[in-house]
Amino acid sequence: MIRQFLAILFFLLAHAHTHAQTTAIRAGRLLDPETGTAATNQVILIENGKIKAVGANVAVPAGAQLIDLSRLTVLPGLFDAHTHLCMTVQAERDKGSYYFTTLNDPDSFRAIEGVVNARAMLDAGFTTVRDVGNEGNYACASVRRALESKMIPGPTMINAGRIIAPYGGQFHLQPDKKNLAEPEYFFADTRDEMIKGVRENVHYGAKVIKIVVDDQDYIYSAEDIRFIINEAAKAGMKVAAHCWTHAGAHNAAEAGVASIEHGPVMTDEDLLLAKKNGVVLVGTEFLANVETGVAHAKWVDRLRRAYKIGITMAYGTDVIDAVEGQTRGTMAMSGIDPWVEAGVPTKALLQAMTINAARLLGVDKARGAIRPGLAADIIAVPENPLENVNALKHVSFVMKDGVVFKR
Ligand SMILES: [Zn+2]
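The model shown is predicted, which means the values in this text are computed figures rather than measured ones. Numbering of residues begins from 1 in every chain and follows the order in which that chain's sequence is written. For a predicted model such as this one, the threshold for reporting local features is a pLDDT of at least 70, and the threshold for listing and counting side-chain atom pairs is 80 or more; totals across whole chains, interfaces and linings nevertheless cover every residue. Hydrogens and waters are ignored; side-chain quantities use all the structure's heavy atoms.

As for the coordination of the zinc ion
Consideration 1: Keep in mind that water is not among the atoms, so a site may look incomplete; donors are the N, O and S atoms within 2.8 Å of the metal, or 3.2 Å for Na, K and Ca. At 2.1 to 2.2 Å from the zinc ion lie its protein donor atoms, namely H82 (NE2), H84 (NE2) and D318 (OD).
Consideration 2: Positions of the donor residues of the zinc ion along the chain correspond to the pattern H-x1-H-x233-D. The same class applies to H82 as to H84, namely buried. When a residue's accessible area, from a 1.4 Å probe over protein chains only, is under 20% of the maximum for its type it is buried; when over 50% it is exposed; and in between it is partly exposed.

So, in structure tokens, the structure goes:
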């Protein structure tokens, strides 16, 4: 008798629990970046942090928590595939050089910056980021750990750990102060050092391998890069390659890295080679915003050519500066301006900010679209971005893994 009573009680409790965790969103408009279309009057059902059903005729279960976004346009949470959340350059103090930033800020402080920046990114509508290093001695690995254990709010983070680079990394050193670019960079010139660089990163919590191909006179060859790609692949990791020069981008394209970062002077030939080898371009065109004249035009022109050639692009910003009145998130969103200037259709921009990035980051089976089975990373904006792309700068609702963060 008591056993029966307890069984019923447990059933009721479990049932109540399930209902308490069911959320229904009424979406006035639901935008699908994949098709570039918006459906009206949709219902999204969310259970245990995941999307359970989507459609116009989805019934809202009794007791479900209802979120009325019928006057908004709902879309998947956005991706920034090139962030540096654990570094903030203070213009006056650092004289525009992040070399000084790395000397001025200890890793403990940089981890706190990572917490603040992660929150700001989520607030702006970015529910997933790929952080491509400059995290000192694995500061972002700690931030990722805190994000994953829900200690702090923020996007899903794929972090790069210590950037593997030829001697000197991205800095110019003096012989009596050799250590000043470490631990920021892992110098790897020989094959043994490349293996060590990859394995140390994996061991200490990197989720992607970032290499700098070309910020010194000696650059990684296509053979070097292929070697690192193979070593990273043994641990299931992809390689993101910082390429600033034509030669660097050419080598990375030839080797077939997962992504070329920046590539400001890539020729059409480089872009075609990269496309042929399945390389994704993370063009960091946000940087056009901090340039004027010829330098600005160069970024926009390369973006225009890349779109025309049809290489797969993922949205990545490379924001590192502190700017009064802005957050890391608002600045990251301003990276859409050069895309508009280049005449890239909003559909292609939204794909770069969602599905393309999700595939590059290797999380497309878990998030990046509003589809049953995927994580409920959902945002909403006041207008249809397909009609007014600047609506993306006014994200008024953010749900991360089924939990409302901003409303
Ligand atoms: Zn960067």
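The discussion continues.
Details of the sheet that holds strand β7 (residues 156-159)
Consideration 1: In space, the three strands of this open sheet follow the order β5-β6-β7, with parallel pairing throughout. Strand pairing shows two members of the sheet lacking a second neighbour, β5 (78-83) and β7, which therefore form its edges. Geometrically, the sheet is characterised by an average inter-axis angle of 15° between neighbouring strands, direction not taken into account.
Consideration 2: Whether two strands pair depends on DSSP finding at least two bridges between them. Helix and strand assignments come from DSSP, with helices taken as H or I runs of at least 4 residues and strands as E runs of at least 2, each series counted from the N terminus. Bridge count between β5 and strand β6 (residues 126-131): four bridges; the pairing is parallel. Note on geometry: axes are lines fitted to C-alpha atoms, helical ones only across the stretch in contact, with angles between N-to-C directions running from 0 to 180 degrees.

Quick notes on the sheet that holds strand β2 (residues 37-47)
Two modes of strand pairing occur in sheets, parallel and antiparallel, and in both the strands are linked by backbone hydrogen bonds.
Consideration 1: Pairing is mixed across the open sheet formed by seven strands, whose spatial order is β3-β2-β1-β4-β14-β15-β16. Each edge of the sheet is formed by a strand with only one pairing partner; in this case those strands are β3 (50-55) and β16 (403-406). Across the sheet, the axes of successive neighbouring strands diverge by a mean angle of 35°, strand direction being ignored.
Consideration 2: Bridge analysis of strand β14 (residues 378-381) against strand β15 (residues 397-400) gives three bridges, and the strand direction is antiparallel. Pairing of I378 across the sheet is with M399, part of β15.
Consideration 3: In this fold helix α4 (residues 107-124) packs onto β15 and β16, with an angle of close to 95° to the strand it touches most, β16. Contacts are assigned to residue pairs with any non-hydrogen atoms lying within 4.5 Å of each other.

Description of the pairing of β15
Residues in a regular strand point their side chains to alternate faces of the sheet.
Consideration 1: Neither face of β15 is open: one carries F397 and M399, the other V398 and K400, and all of them are buried.
Consideration 2: Linkage of β15 to β16, two consecutive antiparallel strands, is achieved through a turn of two residues, within which D401 is found at a positive phi near 50°.

Notes on helix α5 (residues 139-148)
Consideration 1: Burial within α5 is extensive, with seven of its 10 residues counted as buried.
Consideration 2: Taken together, the buried positions of α5 are A139, C140, A141, V143, R144, A146 and L147.
Consideration 3: Packed against the buried residues of α5 are α4, β6 and β7.

Observations regarding the pattern of salt bridges
Consideration 1: Salt bridge, as used here: a side-chain nitrogen of Lys or Arg that lies within 4 Å of a carboxyl oxygen of Asp or Glu. Applying the stated criterion to the full structure yields 25 salt bridges.
Consideration 2: Two residues, R359 and E34, come together in a salt bridge whose shortest N-O distance is 3.5 Å. Linking R359 in helix α14 (residues 355-361) with E34 in the loop between β1 (22-32) and β2, this pair joins segments that are 325 residues apart in sequence.
Consideration 3: The exposure class of E34 is partly exposed, given its relative accessible area of 36%.
Consideration 4: The partner of K150 in a salt bridge is D401, and the shortest N-O contact between them spans 2.9 Å. A residue pair is termed long-range when its members are at least 10 positions apart, and K150 in the loop between α5 and β7 and D401 in the loop between β15 and β16 qualify at 251 residues.

Notes on the side chain of T156
Consideration 1: Relative to the helices and strands, T156 is located in strand β7.
Consideration 2: Sequence-distant contacts of T156, defined by excluding residues within four places in its chain, comprise T127, T128, V129, R367 and K400.

A word on the packing of helix α7 (residues 222-234) against helix α8 (residues 246-255)
Consideration 1: At a closest axis distance of 8 Å, the pairing of α7 and α8 adopts a crossing angle of 50°. With respect to α8, the element α7 is oriented oblique. The handedness of the crossing between α7 and α8 is right-handed. Side by side, α7 and α8 meet where A222, I225, R226 and I229 of the first sit next to N251, A252, E254 and A255 of the second.
Consideration 2: The residue classification treats Ala, Val, Leu, Ile, Met, Phe, Trp, Tyr, Cys and Pro as nonpolar and Asp, Glu, Lys and Arg as charged. All others, Gly included, are polar. Counted by class, the contact of α7 with α8 contains five nonpolar, one polar and two charged residues. An angle counts as roughly parallel when it lies under 35 degrees, as roughly antiparallel when it exceeds 145, as roughly perpendicular when it falls between 65 and 115, and as oblique in every other case. Note on convention: the crossing is left-handed when the near helix lies turned anticlockwise from the far helix by less than a right angle, right-handed when the turn is clockwise.

Looking at unusual backbone geometry
Consideration 1: In this structure, the amide linkage connecting E182 to the following residue, P183, adopts the cis form with an omega of 5°.
Consideration 2: Positionally, P183 belongs in the loop between β8 (163-165) and β9 (185-187).
Consideration 3: Of note in this structure, K150 is not a glycine but carries a positive phi near 65°.
Consideration 4: Positive phi outside glycine occurs at D318, with the angle close to 75°.
Consideration 5: Examined against the element boundaries, D318 turns out to sit in the loop between α10 (293-309) and α11 (328-333).

Considerations on the domain arrangement of the protein
Size of an interface: often given as the accessible area lost when the parts come together.
Consideration 1: The domain boundaries here were taken from an automatic or database domain assignment. With domains assigned, the protein is organised as domain 1 (2-76 + 370-406) and domain 2 (78-361).
Consideration 2: Here domain 1 and domain 2 have C-alpha centroids that lie 32 Å from each other.
Consideration 3: The interface of domain 1 with domain 2 comprises 22 residues on the first partner and 27 residues on the second.
Consideration 4: Summed over both partners, the interface of domain 1 with domain 2 comes to about 1,900 Å²; 67% of that surface belongs to carbon and sulfur atoms.
Consideration 5: There are four salt bridges connecting domain 1 and domain 2.
Consideration 6: Within 3.5 Å is the distance limit for a polar contact, defined as a pair of N or O atoms, with the added protein rule that one can donate a hydrogen and the other accept it, and that residues adjacent in sequence qualify only through two side-chain atoms. The tally of links from domain 1 across to domain 2 stands at eight residue pairs in polar contact (both at pLDDT 80 or more).
Consideration 7: If you list the elements that add at least two residues to the side of domain 1 that touches domain 2, you get β4 (65-76), β15 and β16.
Consideration 8: It is β15 that contributes the most residues to the side of domain 1 that touches domain 2, three residues altogether.
Consideration 9: Residues that form the side of domain 1 that touches domain 2 fall into these classes: 13 nonpolar, three polar and six charged. Accessible area, probed at 1.4 Å, shrinks when two parts are joined; the buried area is that loss added up over both.

Some thoughts on the pairing of β16
Consideration 1: One ladder, built from three bridges, connects β15 with β16; its direction is antiparallel. Paired with M399 across the strands is V404, a residue of β16.

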